[in-house]
Every structure is written in structure tokens, then in C-alpha cells.
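Okay, here's what each chain looks like letter by letter:
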Amino acid sequence: MTTAQTQELDVQPSPLALLLLGREADPRSERGVECPGDLPSPSDPDLVARARAAKEKLGDKVFVLGHHYQRDEVIQFADVTGDSFKLAKDAAARPEAEYIVFCGVHFMAESADILTTDDQKVVLPDLAAGCSMADMATAEQVAECWDVLTEAGIAEQVVPVSYMNSSADIKAFTGKHGGTICTSSNAERALDWAFEQGEKVLFLPDQHLGRNTAVRDLGMSLEDCVLYNPHKPNGGLTTEELRAAKMILWRGHCSVHGRFSLDSVNDVRERIPGVNVLVHPECRHEVVAAADHVGSTEYIIKTLEAAPAGSKWAIGTELNLVRRLANRFAPEGKEIVFLDKTVCFCSTMNRIDLPHLVWALESLAEGTLVNRIEVDKETEAFAKLALERMLALP
């Protein structure tokens, strides 16, 4: 339907439609959508040369971070690659770099801004590169949840533990209420620490990482966990259920890791005899329980590095990384496939493409600061407190 036809029918695009089209912002989201300036054409054959030239012109003034889930065309320009927290720490370790260009998503750039100096400027090439998981827990929703816990008479017993994949606002809430941040690598240590501080944990925003860590690593039962749904009154839970629970899990998940199912595991075992199933702990509990190996992105990489030649692996994580690992280890005779037969990239991570990177680098090289990610001082202070508690974990 054309615009003229739409106007004749007096049909107005919904706010959601405008958001998806990149023409509106969601104030409740941890991401924005505005991207000023004209992007180079994705078909421009000179994009690689332009990116290289702009980066060389900037020299030591720029430090480019590339998350593992980025596409190869972007990763080739990264000075370092890694997961979100490693990259934020790498940025903090380069105080001489005036510009930190974060090829990742919004919450990652926020973490980099929190950990870097005031003189450093963090740039996200596309502001629409958000995170669906991080967006599943807003500051208003979490504040309302805390009110529910207070009315139930258990707030003083609850320690919040928030996954790194959360907005700066959620990290600040965690710091303000005596909690800590965790990564997929240290979630067990974070929960051990939290249960030394209180009797219950509010785990934000990924229910699967929280449940898997509590049951698989700490030996709790599924009955020890309840699911708080921010879209239902009182989270969809009774006061008795909240008081009986040890783990109060936020109803959030990763859109990529949440797609893997038990059927995916069973199917790949039938198709590839002797295959090793290796998945990320953001996957559903039944997938994790059926897998041979479970661990963070760094764990997945190290496991494949140590794997013997001729071994077969089905990997349950983002496809860009799986494909890169398959190509890397193919010469060693290691067969690596995506766990699900349906191809799935992280759609928001993939918003950082070569045209956006070229636009950001060329703008900086011309002296124009674009797409700066800046966390306000109060939020930064409490978020940094929560991050420092994580860094102090034994």
C-alpha cells in the first residue's frame, strides 16, 4: 500500500511500526533509533578502503571494540574482540584513546562509558543496536517489582543480581540496593556471594541464566525458583509464592539463545552421530540439561580450541560466531555446526554493519562526534558500584 493510499484511508502508523521503521524512539527502551547523517551505500565497493583510511587517519585517537557476535566485515577492523565485559575493560585500559568505537549493542557501550575516563568518548555506530533482553527490564518495571517485594515483607531479604546484559539504569538499581552484576562466566560466584548477603535473589533480566545457575551449579530445585512477569499484577505471583522462593527470576530472555529447543538437541544427535552439544547458559533449562557442555562465549571458544581433531560439535549460540569458529577450525578437521537447522543471527547486533562503521569513523576523522553514548553521573555512580562488587568477587 502506498503512502497516498494510506492517507486516503486515514490509517496512521502505530508507534511500534514507526519504531521498527527507524522513525521513532521508544523512551522505555535502552536504545535509540536516530542516526543522523547520510550513510554510505552498502554496495559501495570502496567501503573497506574508506574504513581503513579513516581508522589510519585517527591513529591512536580511536580504539575499536568488536563483540564476538559481529559480522566478519566489521570484526576485521576491531583492535580487540571479546564478550561485552572484556571489551569494556579493554577500553578502560586504553586511556590514551580519545574515541572508543564499540561494535556491539547499546548496553555494552554504556558499560564502556561507565568504566572509561570522562575524557574518553564512547561511540555506537548505530543507536538502534539495542538488546531485546535488556529491553525486557525497564527501570520503572524493576522499581515496581521492588515495591511488590516490599509489600510482601521480603525486600530486606532480597539481594539483586543483574546480568551484564542489562541497561545502565538496571545496573544502577542493583548497586543502589546492595547487589552485584554478573557475567555468564561468574554467575555462580555472584549467586554464592548474594546468598551470603541475604536469603533470596532477584535475578535480572535473563530467567534462563538465573535458573540454570541456581539449579545446575548451586544444586537448587526448580521449585526454589519463581518467575516474575512484569506485565502481570504482582508479577503474576502470590505473596506466599514470593516468600517461599529462593530465586525470583525476571521474565526475560535472549531472543537468539531462547530459540534453541530440546528438539534441536535430539535432532542434531540423530543427524550427526557422536556429536558434542555445546551451549550457552542463556539457553532454556531443558536444552542446558541435555547438552554435553555448557559455558560462556569465552568457554565455548576455549573448548573448541582444546578439542581433538576430527571431533564433531553442535554449538548453541549466535550464528556469526559459530560460522567464524567453523571456518577457523576446519583446517584442524573439527566439524562445527549450528545447533538449530534454522539460521538465526542476533538482529540488533547485526545493525552494526560496514556502512555504519565507515560513517562513524569518517565523521570522527573529520572532527565530528556522532552517536556518543553517555551515562549520567548518578546512574554511573551506582552502576559502577555494582560492577565493582562483581570485580571484588572471590
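Residues numbered from 1 in each chain as written. Predicted model: local features only at pLDDT ≥ 70, side-chain atom pairs only at ≥ 80, totals over all residues. Heavy atoms only, no water.

1. Quick look at the overall build of the protein
The secondary structure content of the protein amounts to 18 helices and 14 strands. What you see for the protein is a C-alpha radius of gyration of 22 Å, in line with the 21 Å of a compact globule of 394 residues. Dimensions of the protein along its principal axes, counting C-alpha atoms only, are 60 × 55 × 50 Å. The burial tally for the protein puts 55% of its 394 residues in the buried class. (Helix = DSSP H or I, 4+ residues; strand = E, 2+ residues; numbered from the N terminus. Rg over C-alpha atoms; globule rule 2.2 N^0.38 Å. Buried < 20%, exposed > 50% of the residue type's maximum accessible area, 1.4 Å probe, protein only.)

2. Focus on unusual backbone geometry
The omega torsion across leucine 204 and proline 205 is -25°, close enough to zero to call that bond cis. Looking at the element boundaries, proline 205 is found in the loop between β7 (200-204) and α11 (207-217). The phi angle at asparagine 371 is positive, at roughly 50°, despite the residue not being glycine. The residue asparagine 371 is located in the loop between α17 (354-365) and β14 (372-373) in this model. Residue class for asparagine 371 comes out buried when judged on its relative accessible area of 7%.

3. Considering the packing of aromatic side chains
Within a pair of aromatic rings, the relevant descriptors are the distance that separates the centres and the angle that separates the planes. All told, the structure shown has three aromatic pairs when counted by the stated rule. Taken together, a centroid distance of 5.6 Å and an interplanar angle of 80° make the contact between tryptophan 146 and phenylalanine 173 edge-to-face. With tryptophan 146 in helix α8 (residues 139-151) and phenylalanine 173 in helix α9 (residues 168-176), this pair connects stretches of sequence that are 27 residues apart. Tryptophan 146 sits in the buried class, given a relative accessible area of 13%. Note on phenylalanine 173: relative accessible area 11%, which makes it buried. Ring centres of tyrosine 228 and tryptophan 250 lie 5.3 Å apart, and the angle between their planes is 25°; on these two criteria the pair is classed as stacked. Taken together, the positions of tyrosine 228 in strand β8 (residues 225-228) and tryptophan 250 in strand β9 (residues 247-250) put the pair 22 residues apart, joining distant regions of the chain. You'll find tyrosine 228 and tryptophan 250 in the same group, each marked buried. Cation over ring: lysine 176 sits above phenylalanine 382, and NZ or CZ is 4.9 Å from the ring centre. (Phe/Tyr/Trp six-rings, centres within 6.5 Å; stacked < 30°, edge-to-face > 60°. Lys NZ or Arg CZ within 6 Å of the ring centre and 35° of its normal.)

4. A word on the sheet that holds strand β6 (residues 180-182)
Read from one edge to the other, the open sheet built from five strands follows the order β6-β5-β7-β9-β8, with strand pairing classed as parallel. The two strands at the open ends of the sheet, each matched to only one other strand, are β6 and β8. The average undirected angle you get between the axes of adjacent strands in this sheet is 25°. Relative to β6, strand β5 (residues 158-163) is paired through three bridges, and the arrangement is parallel. Looking at the pairing, serine 162 lines up with isoleucine 181 of β6. Strand contacts of helix α10 (residues 187-197): β5, β6, β7 and β9, with the helix running at about 165° to β5, the strand carrying the most contacts. (Pairing = 2+ DSSP bridges. Axes fitted to C-alpha atoms, helices over the stretch in contact; angles between N-to-C directions. Contact = heavy atoms within 4.5 Å.)

5. Overview of the packing of α8 against α9
One way to put it is that α8 packs onto α9 with a least axis distance of 9 Å and a crossing angle of 25°. By the angle between their axes, α8 is roughly parallel relative to α9. Here Ala139, Val142 and Trp146 of α8 come into contact with α9, specifically with Asp169, Ile170 and Phe173. Of the residues assigned to the contact of α8 with α9, the class counts are five nonpolar, no polar and one charged. (Parallel < 35°, antiparallel > 145°, perpendicular 65-115°, else oblique. Nonpolar A, V, L, I, M, F, W, Y, C, P; charged D, E, K, R; others polar.)

6. Thoughts on the pairing of strand β1 (residues 62-67)
Burial of β1 is extensive: six of the six residues sit out of reach of the surface. Of the two faces of β1, the one holding Val62, Val64 and Gly66 and the one holding Phe63, Leu65 and His67 are both buried throughout. As paired strands, β1 and strand β2 (residues 80-82) are joined by three bridges and run parallel to one another. Within β2, the position partnered with histidine 67 by the bridge is glycine 82.

7. Describing the environment of leucine 361
Note that leucine 361 resides in helix α17. Its relative accessible area of 0% is what places leucine 361 among the buried residues. Linking leucine 361 and alanine 214, residues 147 residues apart in sequence, is a C-alpha distance of 43 Å. With sequence-adjacent residues up to four places away left out, leucine 361 is seen in contact with Ala51, Ala54, Lys55, Leu58, Val62, Val64 and Val101.

8. Observations regarding helix α18 (residues 377-391)
Here α18 spans 20 Å end to end across 15 residues, near enough to the 21 Å set by a 1.5 Å rise per residue. Residues of α18 that are buried: Thr379, Glu380, Ala383, Ala386, Leu387 and Met390. Here the buried residues of α18 occupy an arc of 130° about the axis, which is enough to place them on one side. In α18, the exposed positions that point more than 90 degrees away from the buried face belong to Lys377 and Glu378. At its buried positions, α18 is contacted by α5 (84-92), α6 (106-115), α9 and β6. Two or three places before glutamate 378, at the opening of α18, aspartate 376 has a side-chain oxygen 3.3 Å from that residue's backbone nitrogen. (Expected span 1.5 Å × (residues − 1). Arc of directions from axis to C-beta. Polar contact = N/O pair within 3.5 Å; in protein donor to acceptor, adjacent residues only side chain to side chain.)

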